[in-house]
Amino acid sequence: MKAVILAGGKGTRLSEFTKEIPKPLVPVNGKSVLEYAIDNFARYGMKDIIIVIGHLGHKIQQVLGDGQELGVRISYYVEDQPLGTAGALYALKDVLTEDFVLAYGDVIFDIDLARFIAFHKQQGLTGTLAAHPNNHPYDSDVLRMKGSGVVEDILKKNEKRDFYYSNCVNAGVFVFNKRIVSYIAANTKQDLEKDVIAQLIPEGEICAYRTTEYMKDMGTPDRYGLVQRHVEKGIVGKKNLSLKQRAIFIDRDGTINKYVGLLSKPEQLEIEDRVVEALREINDSDYISIVITNQPVVARNLCSEEELGQIHRKLETLLGERGVYVDDIMYCPHHPDGGYPEENKAYKIPCSCRKPSIGMLEAAASKYNIDLASSFLIGDTTVDIQTGVNANVSTVLVSTGLGGKDNKFQVAPDYYAEHLLEAVQYIMK
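Everything quoted here is computed from the prediction, not taken from an experiment.

Undergrad: So, the layout of surface pockets: which residues are in play, and what are the values?
TA: Its boundaries defined by the atoms lining it, the second largest pocket holds a volume of some 1,100 Å³. In terms of lining, the second largest pocket is formed by 33 residues, of which the most central are Met 145, Lys 146, Gly 147, Ser 166 and Arg 210. With seven residues, the top contributor of residues to the lining of the second largest pocket is helix H9 (residues 305-321). In terms of residue class, the lining of the second largest pocket is made up of 15 nonpolar, seven polar and 11 charged.

Given below as structure tokens:
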């Protein structure tokens, strides 16, 4: 399988570093952005790499040459006139005769490409976008998806959003079937998302591969500094899902948002104190953050799963506006006990996902290759602590919310903390 890297942009937002070199050659801890991408491709046997170049592209050719020193074979397509992020693909139609991976040249990433490609082939669609939450969703293209992962819409970063949305961002790494080229016009400047992928979304031909792996653009000075720090700390490589991951599982009500009883409407949700600082520390580490929450409000018929989704979209929007995120949200909508007059009987069933059962943690472990024995669970009830004990994860009980006063289980946590931030700081130590 071939790989294509789009490296023709001018990098105007990073102009202090790109006056004399193109953005993809900007060094990150002594190595160019392009070399990180090439290394990732080579590790997964993708050694035929096409680099699309434009502005100062001759310098990329001078530095990388034919790729022999990097253990790959590099060829170049030179854009005499800028053709956007898609135009050059038409010129490569005779070369791209099978599925191929494409990446933007300003993205630092280290992902399990075998897993990514297998997901794409299983879906059988024209294109698959790598997607993840990030710390600036308000300034990113955000995906709206079905539960199956099929993309329904891309919310553009320059469009006003007066609604809540999921923090699931197009990361700039793709797998495409060769038929993508048939949607591109010849010798025409075209944008990959706006002009090409936009045609395919209504046809149900684009899906998203949600992952916790490291994929960050370094298109602004602040983001460049963040990526530089993460490379130095070794976080980038540790996030690759071929490696066992460490997770911090976090209860929702009383731990992330203030406890109000049976929260069933978005307007009831308010972020707990010190949560943003806590999540910022997790986001700046190699831990995955996953919310696991019992939501019997669905079984009680106080809200539907779609309405619960709106509550979670509010949570993700509020966190994103403050520059932090959780990697995923998992919930149990069930409740085993009947007898409420308004209940939804379809959800009044015993299940393996409702805490203190460990179904949600096991699902997360399977999805993200998590080592539960190296992970933690933070919550405000003895139910949370018993869940951690059942799953063999370390536990922290916080004083916010119910503060352990539910007294449902006679169980002690590994650590007591006043709030989520103290809990996270304990884990980081």
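Undergrad: Let's hear about the pairing of strand S16 (residues 328-332): which residues, and what values?
TA: With respect to burial, S16 is a largely interior element, four of its five residues being buried. Pairing between strand S15 (residues 288-294) and S16: five bridges, direction parallel. Across the sheet, residue Val 291 finds its bridge partner in S16, namely Ile 329. Crossover connection from S15 via H9 to parallel S16: handedness right-handed.

Undergrad: Account for the side chain of Asn 170, naming residues and giving values.
TA: Mapped onto the elements of the fold, Asn 170 is located in strand S11 (residues 169-176). Of the polar contacts made by the side chain of Asn 170, one reaches the backbone nitrogen of Gly 172; its length is 3.4 Å. A polar side-chain atom of Asn 170 sits 2.8 Å from a polar atom in the side chain of Glu 193. Setting aside its immediate chain neighbours within four residues, Asn 170 contacts Leu 129, Ala 130, Asp 141, Leu 143 and Glu 193.

Undergrad: Kindly report on the sheet that holds strand S14 (residues 247-250), identifying the contributing residues and their values.
TA: Taken in spatial order, the six strands of this open sheet run S16-S15-S14-S17-S18-S19, and their pairing is parallel. Looking at which strands have only one partner, the edges of the open sheet turn out to be S16 and strand S19 (415-417). Taking each pair of neighbouring strands and ignoring which way they run, the sheet shows an average axis angle of 25°. Note that strand S17 (residues 376-379) and strand S18 (residues 394-398) share four bridges and pair parallel.

Undergrad: Got a sec to walk through the nonpolar core? Specific residues and values, please.
TA: Counting residues in each nonpolar core, the largest one holds 85 residues, and the members touching the most others are Phe 41, Leu 102, Leu 192, Phe 249 and Ile 370. Among residues more than four places away in sequence, those in contact with Phe 249 are Ile 290, Ile 292, Leu 361, Ala 364, Ile 370, Leu 372, Ser 375, Phe 376, Leu 377 and Ile 378. In this structure, Leu 279, Cys 303, Phe 376 and Ala 423 belong to the second largest nonpolar core, which totals 35 residues.

Conventions used here
Residues numbered from 1 in each chain as written. Predicted model: local features only at pLDDT ≥ 70, side-chain atom pairs only at ≥ 80, totals over all residues. Heavy atoms only, no water. 1 Å grid on protein atoms, 1.4 Å probe; cavity = no way out; pocket = protein on both sides within 12 Å on 5 of 7 lines; lining within 4 Å. Points joined across faces, edges and corners; volume = space filled by probe spheres on them. Helix = DSSP H or I, 4+ residues; strand = E, 2+ residues; numbered from the N terminus. Nonpolar A, V, L, I, M, F, W, Y, C, P; charged D, E, K, R; others polar. Buried < 20%, exposed > 50% of the residue type's maximum accessible area, 1.4 Å probe, protein only. Pairing = 2+ DSSP bridges. Right-handed = clockwise from strand over helix to strand, strands pointing away. Polar contact = N/O pair within 3.5 Å; in protein donor to acceptor, adjacent residues only side chain to side chain. Contact = heavy atoms within 4.5 Å. Axes fitted to C-alpha atoms, helices over the stretch in contact; angles between N-to-C directions. Core = buried A, V, L, I, M, F, W, Y, C linked by side-chain atoms within 4.5 Å.

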